[in-house]
Amino acid sequence: MPNNLIKRFITAFIIISTVIYIILFSNEVVVRLFLNFIIFLSAFEISKMCFYNEGSKNNKKYYLFIVTIFLSIFICNLLIKNDIWQYFIIASIIIWGFIFKYICSIKEVHKINNFSNLYFFVYILVLSAFYCSVYVIYKLSPSSLIFLIVLIALSDTSAYFIGKCYGKRPFFNQISPNKTLEGFFGSLFSCFVFVILFCFFRDFDLYFSIKLIVLSTFIVIISSVGDLSVSLIKRFSDKKDTGSILPGHGGILDRVDSILPAAPIFLIFSYFLSVII
């Protein structure tokens, strides 16, 4: 097994084990602190890729982005406290719809030297919605949050290995040359089997199982949009990885990219369709 693959496997195992342990055996304060830590590391990575000009004395947007993240998290906590988070999550899902449309329309990708304010506000909204949705899912049901994390991890892992072994046809090649249709459909099938087995062993009734299977399949499809969106940011900024903090993976964003759109969509559908595990 290649050295980088071993690093990737060990890092993924440590991350998932740590996250599940924190969700199951810690309290709400620890979960919030850990989630804030993830958000701010992600914010630093985005800001450094898009708004930091090395050697320039004018990096106001770089620092403003970090400050705005602090403010947005504070606002998210107020929305959650007053139980009006639904409106913000729905708005973020609409934004993800526009992001998906934009990704589908791209023919060529060129480096961006000066990211506009539109990117600034979209990134703020995406990270804020990620924080808000993960925190609300945890408050509603820690089991649902663990299910979502395992589902996305399985999707990413199966897409990677199936794509490596059997991948031939490109999937959004202009954004991410390493992604293949075989990897995408392989991840769909793997997750489909996983959710069926999960429903069987948890002894859910047929109606609930059907809702969970359909929702999970949709979430796996949507998660690829998050993956592609972060790959697009890296192409725009001419970077291979979002960072180097995780051996074999790159940055924090390289690991949470798939869950960025998956979390708010999973939350809103599971909430209104009563698919809380």
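Details of the structure are given in the entry above.
What counts and how
Residues numbered from 1 in each chain as written. Predicted model: local features only at pLDDT ≥ 70, side-chain atom pairs only at ≥ 80, totals over all residues. Heavy atoms only, no water. Helix = DSSP H or I, 4+ residues; strand = E, 2+ residues; numbered from the N terminus. Rg over C-alpha atoms; globule rule 2.2 N^0.38 Å. Contact = heavy atoms within 4.5 Å. Lys, Arg positive; Asp, Glu negative; His and termini not counted. Charge placed at Lys NZ, Arg CZ, Asp CG, Glu CD. Salt bridge = Lys/Arg side-chain N within 4 Å of Asp/Glu carboxyl O. Buried < 20%, exposed > 50% of the residue type's maximum accessible area, 1.4 Å probe, protein only. Expected span 1.5 Å × (residues − 1). Polar contact = N/O pair within 3.5 Å; in protein donor to acceptor, adjacent residues only side chain to side chain. Axes fitted to C-alpha atoms, helices over the stretch in contact; angles between N-to-C directions. Parallel < 35°, antiparallel > 145°, perpendicular 65-115°, else oblique. Left-handed = near helix turned anticlockwise from the far one by under 90°. Nonpolar A, V, L, I, M, F, W, Y, C, P; charged D, E, K, R; others polar. Phe/Tyr/Trp six-rings, centres within 6.5 Å; stacked < 30°, edge-to-face > 60°.

*Asks:* So what about the overall build of the chain? Which residues, and what values?
*Replies:* When helices and strands are tallied, the chain shows ten helices and zero strands. Reading the helices (α) and strands (β) of the chain from amino to carboxyl end gives α-α-α-α-α-α-α-α-α-α. Its C-alpha atoms give the chain a radius of gyration of 18 Å, within 12% of the compact-globule value 19 Å for 277 residues. For the chain, the spread of C-alpha atoms along the three principal axes comes to 60 × 50 × 35 Å. Within the chain, residue pairs in contact and separated by at least 24 positions form 77% of the contacts whose partners lie at least 6 positions apart. Of the side chains in the chain, 23 bear a positive and 14 a negative charge, and the two mean positions are spaced by 6 Å.

*Asks:* Could you give me a rundown of the pattern of salt bridges, with the residues and numbers involved?
*Replies:* Going through the model one piece at a time under the given rule, you end up with five salt bridges. Put simply, lysine 139 and glutamate 28 hold a salt bridge, and the shortest N to O gap is 3.6 Å. With lysine 139 in helix α5 (residues 117-140) and glutamate 28 in helix α2 (residues 28-50), this pair connects stretches of sequence that are 111 residues apart. Judged by its relative accessible area of 44%, lysine 139 is partly exposed. Assessed through its relative accessible area of 32%, glutamate 28 is described here as partly exposed. One salt bridge connects aspartate 156 with arginine 255, and the closest N-O pair in it is separated by 3.3 Å. Pair noted here: aspartate 156 is in helix α6 (residues 142-166) and arginine 255 is in helix α9 (residues 252-256), with a separation of 99 residues, a long-range link. Assessed through its relative accessible area of 16%, aspartate 156 is described here as buried. Classification of arginine 255 as partly exposed rests on a relative accessible area of 22%.

*Asks:* I'd like a rundown of the environment of asparagine 114, residues and numbers included.
*Replies:* Relative to the helices and strands, asparagine 114 resides in the loop between α4 (85-105) and α5. Residues asparagine 114 and leucine 78, spaced 36 residues apart in sequence, show a C-alpha to C-alpha distance of 33 Å.

*Asks:* Please give an account of helix α8 (residues 206-237) that cites residues and values.
*Replies:* When the terminal C-alpha atoms of α8 are compared, their 47 Å separation across 32 residues agrees well with the 46 Å that a helix rising 1.5 Å per residue should span. Along α8, 24 of the 32 residues are buried, which leaves the element largely enclosed by surrounding structure. Structurally, the start of α8 carries an N-cap: the backbone nitrogen of tyrosine 207 is 3.1 Å from a side-chain oxygen of aspartate 205. The first or second residue beyond α8 is aspartate 238, which carries a positive phi of 60°.

*Asks:* How would you summarise the environment of phenylalanine 269 if you had to cite specific residues and measurements?
*Replies:* By the element assignment, phenylalanine 269 lies in helix α10 (residues 259-272). For phenylalanine 269, a relative accessible area of 34% corresponds to the partly exposed category. Along the chain, phenylalanine 269 and serine 224 lie 45 residues apart, while their C-alpha atoms are 18 Å from each other. If we ignore the near neighbours within four places in the chain, the residues touching phenylalanine 269 are Leu215, Phe218 and Ser274.

*Asks:* Give me the lowdown on the packing of α4 against α8, citing residues and values where you can.
*Replies:* With their axes 10 Å apart at the nearest point, α4 and α8 run at an angle of 60° to one another. The orientation of α4 relative to α8 falls into the category oblique. For α4 against α8, the interelement crossing comes out left-handed. Seen from α4, the contacting residues are Trp96, Ile99, Phe100, Tyr102 and Ile103; seen from α8, they are Val225, Gly226, Leu228, Ser229, Leu232 and Phe236. Of the residues assigned to the contact of α4 with α8, the class counts are nine nonpolar, two polar and no charged.

*Asks:* Can you break down the packing of aromatic side chains residue by residue, with the values?
*Replies:* Working definition: an aromatic ring pair is given by the centre-to-centre distance plus the angle between the planes. Per the stated rule, a full pass over the model turns up 28 aromatic pairs. On the numbers, 4.8 Å between centres and 55° between planes, the contact of phenylalanine 204 with phenylalanine 208 is tilted.

*Asks:* Quick rundown of unusual backbone geometry? Include the residues and the values.
*Replies:* Non-glycine residue aspartate 203 carries a positive phi angle of around 60°. When you line up the elements, aspartate 203 lands in the loop between α7 (181-202) and α8. Positive phi is not limited to glycine here, since serine 274 has a value of about 55°. Mapping serine 274 onto the fold places it in the segment after α10.

*Asks:* Help me get a handle on the packing of α2 against helix α3 (residues 60-81), residues and values and all.
*Replies:* The geometry of α2 relative to α3 is characterised by a closest axis approach of 9 Å and an angle of 150° between their N-to-C directions. In terms of axis orientation, α2 runs roughly antiparallel to α3. Our pair here, α2 against α3, has a crossing hand that is right-handed. Contacts between α2 and α3 pair Arg32, Asn36, Ile39, Phe40, Ala43, Phe44, Ile46, Ser47 and Lys48 from the former with Lys61, Tyr62, Phe65, Ile66, Ile69, Phe70, Ile73 and Asn77 from the latter. For the contact of α2 with α3, a count of residues per class yields eleven nonpolar, three polar and three charged.

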